[in-house]
Each structure stands twice: as structure tokens, then as C-alpha cells.
Amino acid sequence: MFSKILIANRGEIACRVAATARRLGIKTVAVYSEADADAKHVAVCDEAVLIGPAPAKESYLRADKIIEVALATGAQAVHPGYGFLSENSEFADACAKAGLVFIGPPASAIRAMGSKSAAKSLMEKANVPLVPGYHGDNQDADFLQGEADRIGYPVLLKASAGGGGKGMRVIENSADFKAALASCKREAISSFGDDKVLAEKYLTRPRHIEIQVFADTHGNCVYLFERDCSVQRRHQKVLEEAPAPGMTAERRAAMGDAAVAAAKAVGYVGAGTVEFIANQDGSFYFMEMNTRLQVEHPVTEMISGTDLVEWQLRVAAGQPLPLRQDQLLINGHAIEARIYAENPEKGFLPSIGTLRHNRTPQAVSFELGGSLDLPAAVRIDSGVREGDSISPFYDPMIAKLIVWGKDRNQALARMAQALAEYQIVGLSTNIAFLQRLISGKAFSSADLDTGLIERNHAELFPQAAAAPLPVLALAAVAQLQSERQPGGDPWQSGHGWRMNSTLQRTLHYAEESQAYEVGVGYLAEGWNVSAAGAQARVTLVGNDSHGPNDLSLKLGDQTVHGTVVQYGANGENVHVFTGGGHTVLHYADPLAHAGEAEAESGRLTAPMPGKIVAVMVSAGQEVKKGDALMIMEAMKMEHTISAPVDGIVDEILYAVADQVAEGAQLLAFRQPE
Ligand code: MV4
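Described in the following lines is the structure provided in the data block. (Residues numbered from 1 in each chain as written. Predicted model: local features only at pLDDT ≥ 70, side-chain atom pairs only at ≥ 80, totals over all residues. Heavy atoms only, no water.)

## Quick word on the environment of Glu226
Keep this limit in mind: Helical segments are the DSSP runs of H or I of at least four residues, strand segments are the runs of E of at least two, and each set is numbered from the N terminus. Burial classes follow relative accessibility: with a 1.4 Å probe on protein chains only, a residue under 20% of its type's maximum area counts as buried, one over 50% as exposed, and anything between as partly exposed. For this analysis, a polar contact is any N or O atom pair within 3.5 Å, provided that within protein one partner can donate a hydrogen and the other can accept it, and provided that sequence-adjacent residues contribute only side-chain to side-chain pairs.
The residue Glu226 is located in strand 11 (residues 221-228) in this model. Residue classification places Glu226 among the buried positions, given a relative accessible area of 0%. Between the alpha carbons of Glu226 and Lys120 there is a distance of 21 Å; along the sequence they are 106 residues apart. A polar atom in the side chain of Glu226 sits 2.8 Å from the side chain of Arg252.

## Re the site of the ligand
Convention followed: Whether a residue is near a molecule or strand is decided by its heavy atoms; if any one of them lies within 4 Å of it, the residue is near. Using a 1.4 Å probe, accessible areas were evaluated by the Shrake-Rupley method; residue-level cover was limited to the displayed protein chains. Under the grouping applied here, Gly and all other residues not named as nonpolar or charged are polar, the nonpolar ones being Ala, Val, Leu, Ile, Met, Phe, Trp, Tyr, Cys and Pro and the charged ones Asp, Glu, Lys and Arg.
Lining the immediate surroundings of the ligand are 17 residues, of which Lys158, Glu200, Lys201, Leu203 and Gln232 lie closest. In the environment of the ligand, a nitrogen atom lies 3.2 Å from a nitrogen or oxygen atom belonging to the side chain of Lys158. With respect to the ligand, the backbone of Leu203 contributes an N or O atom lying 2.9 Å from a nitrogen atom. The fraction of the free accessible surface of the ligand (520 Å²) that becomes covered by protein chains is 88%. Contributions of two or more residues to the shell around the ligand are made by strand 7 (155-159), strand 9 (197-201) and strand 16 (284-290). Residue composition of the shell around the ligand, grouped by class: eight nonpolar, five polar and four charged.

## Thoughts on the nonpolar core
Test applied: To form a nonpolar core, buried Ala, Val, Leu, Ile, Met, Phe, Trp, Tyr and Cys residues must be joined to one another through side-chain atoms within 4.5 Å. Should any heavy atoms of two residues lie within 4.5 Å, those residues are counted as being in contact.
Formed by 68 residues in total, the largest nonpolar core has its most connected members in Ile5, Val213, Phe214, Phe276 and Phe286. Ranked by residue count, the leading element in this core is helix 9 (residues 249-265), at six residues. Discounting residues that sit within four places of it in the chain, Phe214 has contacts with Asn220, Cys221, Val222, Leu224, Gly270, Ala271, Leu308, Trp311, Gln312, Val315 and Leu321. Formed by 37 residues, the second largest nonpolar core is a distinct cluster that contains Ala337, Ile398, Leu448 and Leu452.

## Details of the sheet that holds strand 4 (residues 77-79)
Strands in a sheet are paired, the pairing made by backbone hydrogen bonds, and the direction either parallel or antiparallel. Convention followed: Strands are labelled as partners when DSSP assigns at least two bridges between them. To obtain each axis, a line is fitted to C-alpha atoms, and for helices this fit is confined to the stretch in contact; angles are then taken between N-to-C directions over 0 to 180 degrees.
The strand order across the open sheet built from five strands is 3-2-1-4-5, with neighbouring strands paired in parallel fashion. Edge strands, defined here as strands with exactly one partner in the open sheet, are strand 3 (47-52) and strand 5 (101-102). Across three bridges, the pairing between strand 1 (residues 4-7) and strand 4 is parallel. Residue Ile7 lies in a different strand from strand 4, and its bridge partner there is His79. Helix-sheet contacts for helix 3 (residues 63-73) involve strand 1, strand 2 (27-33), strand 3 and strand 4, and the interaxial angle to strand 3 is about 150°.

## Observations regarding unusual backbone geometry
Residue Pro154 follows Tyr153 across a cis peptide bond; omega there is 0°. Residue placement: Pro154 occurs in the loop between helix 7 (141-151) and strand 7. The step from Ala242 to Pro243 runs through a cis peptide bond, and the omega angle for that step is -5°. Here Pro243 is to be found in the loop between strand 14 (239-242) and helix 9. The backbone of His235 sits at a positive phi, close to 65°, despite the residue not being glycine. Examined against the element boundaries, His235 turns out to sit in the loop between strand 12 (232-233) and strand 13 (236-237).

## Describing the pattern of salt bridges
We count it as follows: By convention in these notes, a salt bridge is any Lys or Arg side-chain nitrogen within 4 Å of a carboxyl oxygen on Asp or Glu.
One pass over the structure, following the stated rule, counts 39 salt bridges. Across the salt bridge formed by Glu296 and Arg338, the nearest N and O atoms sit 3.1 Å from each other. Of this pair, Glu296 sits in the loop between strand 16 and helix 10 (297-304) while Arg338 sits in strand 17 (residues 333-340), and the two are 42 residues apart along the sequence. Side by side, Glu296 and Arg338 carry an identical accessibility label, which is buried. In this structure, Glu483 engages Arg505 in a salt bridge whose closest nitrogen and oxygen atoms are separated by 2.7 Å.

## Overview of the pairing of strand 2
Filter applied, for reference: Assignment of crossover handedness uses the view with strands pointing away from the viewer, where a clockwise path from the first strand over the helix to the second indicates a right-handed crossover.
Burial runs high along strand 2: six of the seven residues are buried. Here strand 1 pairs with strand 2 via four bridges, running parallel. By the bridge assignment, Leu6 is partnered in strand 2 with Val29. Crossover strand 1 to strand 2 through helix 1 (residues 11-23) is right-handed. Bridge count for strand 2 against strand 3 is five bridges, and the pairing is parallel.

## A look at helix 9
Where we set the bar: How far a helix is expected to stretch is found by multiplying one less than its residue total by 1.5 Å.
When the terminal C-alpha atoms of helix 9 are compared, their 24 Å separation across 17 residues agrees well with the 24 Å that a helix rising 1.5 Å per residue should span. Of all the residues in helix 9, the buried ones are Arg252, Met255, Gly256, Ala258, Ala259, Val260, Ala262 and Ala263. Elements in contact with the buried residues of helix 9: helix 5 (107-114), helix 6 (116-125), strand 10 (207-215), strand 11, strand 15 (270-278) and strand 16.

## Here's the deal with the pairing of strand 9
Looking along a regular strand, one sees the side chains alternate between the two faces of the sheet. Taken across its five residues, strand 9 has four buried, putting it largely inside the fold. Where strand 6 (residues 133-134) and strand 9 come together, two bridges link them in antiparallel fashion. Following the sheet pairing, Tyr134 is matched in strand 9 by Ala199.

## Thoughts on the packing of aromatic side chains
Rules: Each aromatic pair joins two rings of Phe, Tyr and Trp (for Trp, the six-membered one) with centres within 6.5 Å, and gets the label stacked for planes under 30 degrees apart, edge-to-face for over 60, and tilted for any other angle. Placement of a charge over a ring requires the Lys NZ or Arg CZ to be within 6 Å of the ring centre, with the centre-to-atom vector within 35 degrees of the ring normal.
If you walk through the whole model with that rule in mind, you get 12 aromatic pairs. An angle of 80° between the planes, with centres 5.1 Å apart, marks the rings of Phe348 and Phe433 as edge-to-face. Of this pair, Phe348 sits in the loop between strand 18 (342-343) and strand 19 (349-350) while Phe433 sits in helix 13 (residues 431-439), and the two are 85 residues apart along the sequence. Each member of the pair, Phe348 together with Phe433, is buried. Plain terms: the ring middles of Phe348 and Phe461 are 5.9 Å apart, the flat faces sit at 90° to each other, and that makes the pair edge-to-face. Here Phe348 is found in the loop between strand 18 and strand 19, whereas its partner Phe461 is found in the loop between helix 16 (457-460) and helix 17 (469-482), with 113 residues between them in sequence. Comparing Phe348 with Phe461 shows no difference in burial state: the two are buried. Through a chain of ring-to-ring contacts, the aromatic side chains of Tyr60, Phe84, Phe393 and Tyr394 assemble into a single cluster. Of note, Arg233 hangs over the ring of Phe348, and the distance from its end group to the ring centre comes to 3.8 Å.

## Thoughts on the sheet that holds strand 8 (residues 168-171)
Strand order across the open sheet formed by four strands is 6-9-7-8, with antiparallel pairing between neighbours. The sheet is open, and its two edges are formed by strand 6 and strand 8, each paired on a single side. Sheet strands touched by helix 8 (residues 177-192): strand 7, strand 8 and strand 9. Its angle to strand 7, the strand with the most contacts, is close to 25°.

## Things to note about the packing of helix 12 (residues 408-421) against helix 13
Put simply, the test is: Put simply, angles under 35 degrees are roughly parallel, angles over 145 are roughly antiparallel, angles from 65 to 115 are roughly perpendicular, and the rest are oblique. Helix crossings get a hand from a simple test, with the near helix turned counterclockwise from the far one by less than a right angle marking a left-handed crossing and a clockwise turn marking a right-handed one.
Where helix 12 contacts helix 13, the two axes come as close as 10 Å, and the packing angle between them is 155°. For the element pair helix 12 / helix 13, the angle class is roughly antiparallel. Every pair of crossing elements has a handedness; the one defined by helix 12 and helix 13 is left-handed. Listed contacts from helix 13 to Leu412, Met415, Ala416, Leu419 and Ala420 of helix 12 are Ile431, Leu434, Gln435 and Ile438. Looking at side-chain class alone, the contact of helix 12 with helix 13 contains eight nonpolar, one polar and no charged residues.

Below is the structure:
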């Protein structure tokens, strides 16, 4: 076995590989770009070497640099992870030439599977089922049309050099053939520099079912069952599960044997995935082979009780596979959801930013080894921690959330629970979208095909509902708590209450296009909170909990638990997590905004009559936007006057205990040039 390996990747997969290496006592060398100097994968490896600027072309794709680092650090092997150089046959060759073991298949196997049409010819010879079609060299338009007519419509034209759905055309009838062929060839030449196409029978409601295979250098090759990855959008997998719902033992054996035949046909070694496209009746056809460890490998690990990275390392070191086919068994059901920094409401645009708050459900990380003997109920593979950023340079995946259950229903329930507990603030995520997806009828009843997301668009993108009273009450109570003086008893909820009158305030919140006015009446104990026609007596109940942002409220006789994260000037960004939901509110502090309008003229005025109770700054002091300048008591409440922008305090016009009239200028303020 190796004593040191280099991990030529970043993010969760680099961390995943490092975890197994550590467990096996293998030292790890990380490589990183300038953008990743503080990344988790750098922290979890034993050594780390900077290889270049942020763009992948100048860092994670620099084969020469990576090999140089491997040699300089004394690594004996290179694990490429997925993406980047993982399916680059020249990199595999270059590693071998440098005397390094490439932890992956032989370069020849990568090449053999690299070309669509060549791979299909090889598969045909190996008796791996192919979609009825034509994938030969004759590209004459009349000939291809004859083939399409023979196959029968609808027919799918695919660019031979294509992948990921690019360069595909569905043709409904012979009359449309020539125009579609010309258009497909134009796209193929411009996208791939090669206009060769193949024609296939078009499957109208296909499922994506892939088989995990593993081969060693001793002639052994096994399959570790299937994964159903039908739930995709624009060829990006969203949910993956194992085993595939509805799979029979006979079909599984047939697909497994076909996948092993495919691997053997190209002299495969290591971890590979044979992708099939399956009809609803279960008939299946070879699509392509991925010659790497896949993103979704954890669902296979969970149902088979294996560590596929350990298998990769053993095979690369020349050891035989740890188990024979007859020793491999399926235990239970696993589902993986990919948590992405993206905005589903805005066409799934990647969302760049910092994970200000990243609270994950109770889970094991792979490092803890919980998925080996007794499967963990929940596993999270992630390459980022709270405080880390999702940068525009790389894939914006935040984490893979993987759950295991004794059956699919238990796994589904655990996924729902885990997603409900997952809290992220700082960037948009697809968590709410995943919640709707897994609870929707199509997925929960396993009515799967690659069109599931598009077909259920209305259900998956509902109109935003108005925030209910518990959400607004949590936001309001968090605001009241944050206004409290430091050092006060945080659970004394009578703040603002006066013997001879009831103080009444209105807090203003906005959510996207909706605005909320939350009425707060101070009581001797708690508050009367009213919003959107609903009203309840609210009290803060003991906090037996968790974190500083957690609140438990009594709303009438209902108990509500929630987490409220506030940030920005005057806590203007308010994130409320409760009941598995996440509401993003904007808090409009009336005093802060009274100041903002006057910032340009350098004045900060009292928006109402009151008394100065504290002055925190002195003349000439530089302050940052949001810094507290003065506290005044107005309307029987204390209000902080904050700097509306970065600037300098010119003059302070009132002192502590002074009475001020409405509109009085409190201090003079200027912005630096
Ligand atoms: C197909 C197909 C229907 N019929 N081939 C899309 C990506 C490429 N690798 C193969 N793809 C498809 N090939 C025939 N004959 C439908 C797809 C397809 C698809 C396949 C797997 C997973 C998701 C998909 C989404 C849309 C279309």
C-alpha cells in the first residue's frame, strides 16, 4: 500500500479521499489554487502546495505542475477525484511516465470510452445492449435518413463527440429529418469540432440507471449494484438513489453482467460507472461509461457497506478486490441530494457568497466511519465550513446530503427531516426546492424519469405564500432581544413595559414583493404580536437549546421553535428558520432610515421627540456604516442612531440626558473624500 498520495482535486471529494487515506494511515498531499488557500481540503491534508491562480486552467488542470508537486513531496500515487483531470488519458499517461500511480483506470480504457460511437461499436461486440440505431461512419444524409426510417420515429440524433445532452435533436417524422440533421451537424462542429452524428430510437420517458463496477489488476470485476439518477435538470443530477425503485433481481443481474462485460471489453481497472438508459418497462441500453469515481458514489457505499475510495487505493496498489460478487449484498436504501449554492427561482443561477451560518442536521461525516458496519442514518460530505465562501471559479456544490433507511420510505422520511434541519445563510441554496422535490408525488411514489422536474414545474415552483404569524413573531422577538442592553437578563421579556401605559410599536418587514407590519404591544410578561389579521400573546420560553440564534416562543398555547439569524446594518437581513422552512426578511428600522435620507447633507436628526441616553462617539472619530453613534429614548423605547454610511463624526450636538425635539440635528457627519 502507498504511504503518501497526492489528491489532485478540491472541495468535498478531496476531503472524502483524504478521510479514507487517513483511516488507512496514508499521508496526503493537497494541491490548491490561490482562491483555496483557506479551504477545508487544504486543512484536512497533511501537506498542501499552492499550484496557481484561481482559474482551474491555471491550477487544478495543470497536469505538469501537479506531477511536479507529487514528485517533490514524495507521493507515490495521484488520486484525481472527479472532474478536472480525472478522465484525462494524457494525464494518466503522464503520471505513469513520471513513475506515479494514477488512481484510476488505464489511459487506454479512458480513451476507449471517450468517443461515443467508438465505445458503442466496442459495446456491440461485447453484447452490451445498445439503443436500436445507427452509429457507423457513413454520414451521407440520404443514407442516414434511410436508417432513421428503418429505426422508426421518433428518432434522436446525437453528436458522436457530444455529451451532457449537447448536440441532440429529436425528429418526429421523416419529413423533418434533413433539416434536423443539418442543424445537428452545425451545432456538433461548432461545439466539438466534429460533425459526426449517430441516430437512435428516441425513448420518450427514460430513466437514468447506472451500475457501479470495480475491477482489479488480477482479472476480477464485480458490480456494486445500481443507482437511479433520473432526477436531473439540464443534465445535472439533483437526486440519486440506490437501489433503483422497481428493480427486480433478474434485471439487476442482467444489467450488472452487461456493465461488467462493458468494463472487461476495454480492459478496465478501478472504479467505473456504466450508464444505461432504461424504458419504463425496464428494458435498458448502454449510454456511456464514466471512468472515474462519481459524485453519487456514497449511495452505493451506504447500501453495500463498502468504502469505494479504500477499494480504489487497494486496486491501485495492486491488491485484489476485497469482495467477490457473491459476497456483495444490498442493505436498505440510500438517497443523496446535492445541496447547491444556486437560486432555483432565478433559473438556478449560481449564488456566490459566504456561508455566514451553516447549520447541518445531525450527521456523520465520512471521517467518522459511521457508514461502514452500521450504516449511518445521515451522512454529509462537504468541502466547506461556516465562514467559507462559494467562489465563482468552481462548481457551487455546498454539500452532499446522504441518508440511509431500511427501506425507501424510511430514507425519504430521513431526507425530509434532514433537509428541514439544514440551515444556510449567506447565499441562496436549492434546499427548499429539494424539499418540494422529495415530498412531491412523483418522487415520493418513485414515478421516475428524466423529465420529472420539467413535468412538475408548477408544483416545484409555487407562488410564495405570505409569512405566517409564527415566522413574524420569531423575527420580531429576535429584534426586540437584539435591542436589549448588553449585560441585561436576556430572558427577561418585560423590556419596554411601563407601569402606567402599554407601549405599542410597529415593526416593518419586507420579503421580496410583500410587506409586513408587525404590531408589538408590550405586556408585563411577553408581548401581544399581531400581523396579517392574526394575533397572539407571545412569550419567550426557556432556551434548552442549541445555539445563540435559537428561540422558543409560546404563541397562545402553541409552542414554536425557531432560529433567527440577523446581520447587516441594524440587523436589516433577517433569516427565520422554523417548521423546516426558511423565510428571508428585510427589517426596515425607521430610525436608521430616517438617518439615511439625511446622510448626504451630513445631518442625523431625531425622528421623534426624546432624550439622549448614551453617546458612543467623539468628534473627529471615523465610523463604519452601521456603527452605533448615539442612543436616544423615544416613544418609551431605546433606539440606536447608527452611521448610515462609512464616515467621520464632525460634531456632537447633544449630551447624555439632553431632551431633543423632533427633527433636531443630533450630530454632524461627513463622508471622506
Ligand atoms: C437519449 C434519450 C432518449 N432516447 N437517447 C442525454 C444525455 C446523453 N448522455 C444521453 N441523453 C439522452 N439520450 C435516446 N435514444 C434521452 C436522453 C436524456 C437523458 C438521459 C439521461 C439522463 C437525463 C436525460 C435528460 C434528457 C435526455
